[in-house]
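Structural description and commentary
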Amino acid sequence: MSKRLEGYLYLALAMVLVGSTVAASKIIAAGLPPFTATALRFAMALPLFLLIMRMTRTRWPALARTDWALLFVQAAAGSVGYTTLLISGLQHTSAADAGVIIGTLPVMSALIAIVLLGERPGRAVLGAIALATAGVLAIALQPRGDAAHPLLGNLMVMGAVVCEGLFILLNKRLRTPVPPLALSALMSAFGFLTALLPGLWEAPWQLHASAQATHALMAVAYYAIVPTVGGFVLWYAGAARVSGAEASLFTALAPVAALVFAATLLGEAVSARQVGGIACVLAGVLSLGLARAPRPVTTTTT
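This is a predicted model, so every value here is computed, not measured.

**Considerations on the overall build of the protein**
Looking only at helices and strands, one finds 12 helices and zero strands in the protein. Counting helices and strands in the order they occur from the N terminus, the protein gives α-α-α-α-α-α-α-α-α-α-α-α. The globule rule puts the C-alpha radius of gyration for 302 residues at 19 Å, and the 18 Å found for the protein is close to it. Projected onto its principal axes, the C-alpha coordinates of the protein cover approximately 45 × 45 × 45 Å. Counting the 302 residues in the protein, one finds 49% classified as buried. In the protein, of all internal contacts separated by at least 6 residues, the share reaching a separation of at least 24 is 91%.

Encoded structure:
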């Protein structure tokens, strides 16, 4: 296998794992409070990142106080905000709908840069934003029979995407670049600290033992070990073998994987409206990737 094909395989697997987090979050939502689950996720992932740092002899960055503060805000917005809003949203909406909305992340990041940084968008970027918006509207405003408050849930999932977009934006504001592995470890540590107190407020020790709670704990362990740590390793192994433009295009696989997992693992029915929505989102992501050719981005919260 050539180096490039090997890179493609790693990137594809990484994005499939990212897509699986939507189904895992749906299972978590049925058995654990969101902040408790988030704190557990990062408590499990942090030792593994520290172990990989030790094995690879990755050093901690020397940062100014402003950069440390910015990293903490990143963790609160991206790591904790993303995870808790996604889990909370999936208490009200379907994993299939959430998968379509999560797929808009690259386009949402471009939109946030336009609004907050004043970047001037080209026609391709505007077209990508329009396509992604059409894809979300195709499913977000349509009630589903298997969800109590689908609009509220979809809005929460969209809020999770905004949090992740802010994470990417804040990462660009760091004065001193932080190595991806160290950044993931720091996000896990700060994410755990940020979610700990709200998690204790949820009083998880009062939860009754049940099959749902057991399945939720297993889903948290999966989320922490496989997509969070394993997905990180696969993504950067793949990104090291291909160009940034090629790597960015593989982010389009995440919502497709989320839809497949929703149908096969959770048994959700996938409607023609959802297929049309994801087609619009994929077209937007692919056109954005081809137009901008960005560098691969660390998404440590997925």
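We are not done yet, so read on.
**Some points on the pattern of salt bridges**
For the coordinates displayed, the defined rule picks out one salt bridge. In this structure, R241 engages E6 in a salt bridge whose closest nitrogen and oxygen atoms are separated by 3.8 Å. In this pair, R241 is assigned in the loop between α9 (211-239) and α10 (244-249) and E6 in helix α1 (residues 3-29), connecting sequence segments 235 residues apart.

**Focus: the packing of aromatic side chains**
With the rule as written, the count across this model stands at five aromatic pairs. With a centroid separation of 5.0 Å and 45 degrees between ring planes, the pair formed by F232 and Y236 is classed as tilted. Placement of both F232 and Y236 in helix α9 is noted, with a separation of four residues, approximately one turn of the helix. Members of the aromatic cluster, connected to one another through ring pairs, are F49, F232 and Y236.

**Here's the deal with the environment of W235**
Within the secondary structure layout, W235 lies in helix α9. A residue is classified by how much of its surface remains accessible, and W235, at 7% relative accessible area, is buried. W235 sits 221 residues away from A14 along the chain, and the two C-alpha atoms are 5.4 Å apart.

**Concerning the packing of helix α3 (residues 65-89) against helix α7 (residues 150-172)**
Relative orientation of the contacting elements α3 and α7 amounts to 160 degrees, with a least axis distance of 8 Å. In terms of orientation, α3 lies roughly antiparallel with respect to α7. Where α3 crosses over α7, the handedness of that crossing is left-handed. On α7, the residues that touch L70, V73, Q74, A77, G78, G81, Y82, L85, L86, S88 and G89 of α3 are G153, M156, V157, G159, A160, C163, E164, F167, L170 and N171.

**A closer look at a nonpolar patch on the surface**
Residues L111, V115, L116 and L117 make up a contiguous nonpolar surface patch of about 350 Å² in total accessible area. Its place among the elements puts L111 in helix α5 (residues 105-117).

**A look at the confidence of the model for the protein**
Considering every residue of the protein, the mean pLDDT works out to 85; 91% of them sit at 70 or more. Across the protein, the element-wise mean pLDDT spans from 72 in α10 up to 96 in helix α2 (residues 34-56).

**Remarks on the packing of α2 against helix α8 (residues 180-201)**
Following both chains from N to C, one finds α2 and α8 inclined at 155 degrees, their axes separated by 8 Å at the closest point. The pairing of α2 with α8 is recorded here as roughly antiparallel in orientation. In the packing of α2 onto α8, the handedness of the crossing is left-handed. The residue inventory of the contact of α2 with α8, partitioned by class, reads 18 nonpolar, seven polar and no charged.

**Examining the UniProt feature "domain: EamA" (unreviewed entry) in the protein**
In the numbering used here, UniProt assigns the "domain: EamA" (unreviewed entry) feature to residues 7-139 and 152-287. Taken end to end, residues 7-139 is 82% helix and 0% strand, and its two terminal C-alpha atoms sit 33 Å from one another.

**Some points on unusual backbone geometry**
One non-glycine residue, R57, adopts positive backbone phi at about 55 degrees. With respect to the helices and strands, R57 occurs in the loop between α2 and α3. For A203, which is not glycine, the phi dihedral falls at a positive 50 degrees. Note that A203 resides in the loop between α8 and α9. According to the relative accessible area criterion, A203 is buried, its value standing at 14%.

Conventions we followed
- Residues numbered from 1 in each chain as written.
- Predicted model: local features only at pLDDT ≥ 70, side-chain atom pairs only at ≥ 80, totals over all residues.
- Heavy atoms only, no water.
- Helix = DSSP H or I, 4+ residues; strand = E, 2+ residues; numbered from the N terminus.
- Rg over C-alpha atoms; globule rule 2.2 N^0.38 Å.
- Buried < 20%, exposed > 50% of the residue type's maximum accessible area, 1.4 Å probe, protein only.
- Contact = heavy atoms within 4.5 Å.
- Salt bridge = Lys/Arg side-chain N within 4 Å of Asp/Glu carboxyl O.
- Phe/Tyr/Trp six-rings, centres within 6.5 Å; stacked < 30°, edge-to-face > 60°.
- Axes fitted to C-alpha atoms, helices over the stretch in contact; angles between N-to-C directions.
- Parallel < 35°, antiparallel > 145°, perpendicular 65-115°, else oblique.
- Left-handed = near helix turned anticlockwise from the far one by under 90°.
- Patch = residues over 30% accessible without salt bridge, like charges linked within 9 Å, V, L, I, M, F, W, Y side chains within 5 Å.
- Areas by Shrake-Rupley, 256 points an atom, 1.4 Å probe, with all protein chains shown as cover.
- pLDDT = per-residue confidence, 0-100.
- Nonpolar A, V, L, I, M, F, W, Y, C, P; charged D, E, K, R; others polar.
- UniProt positions renumbered as here; feature names shortened; annotations may be inferred.

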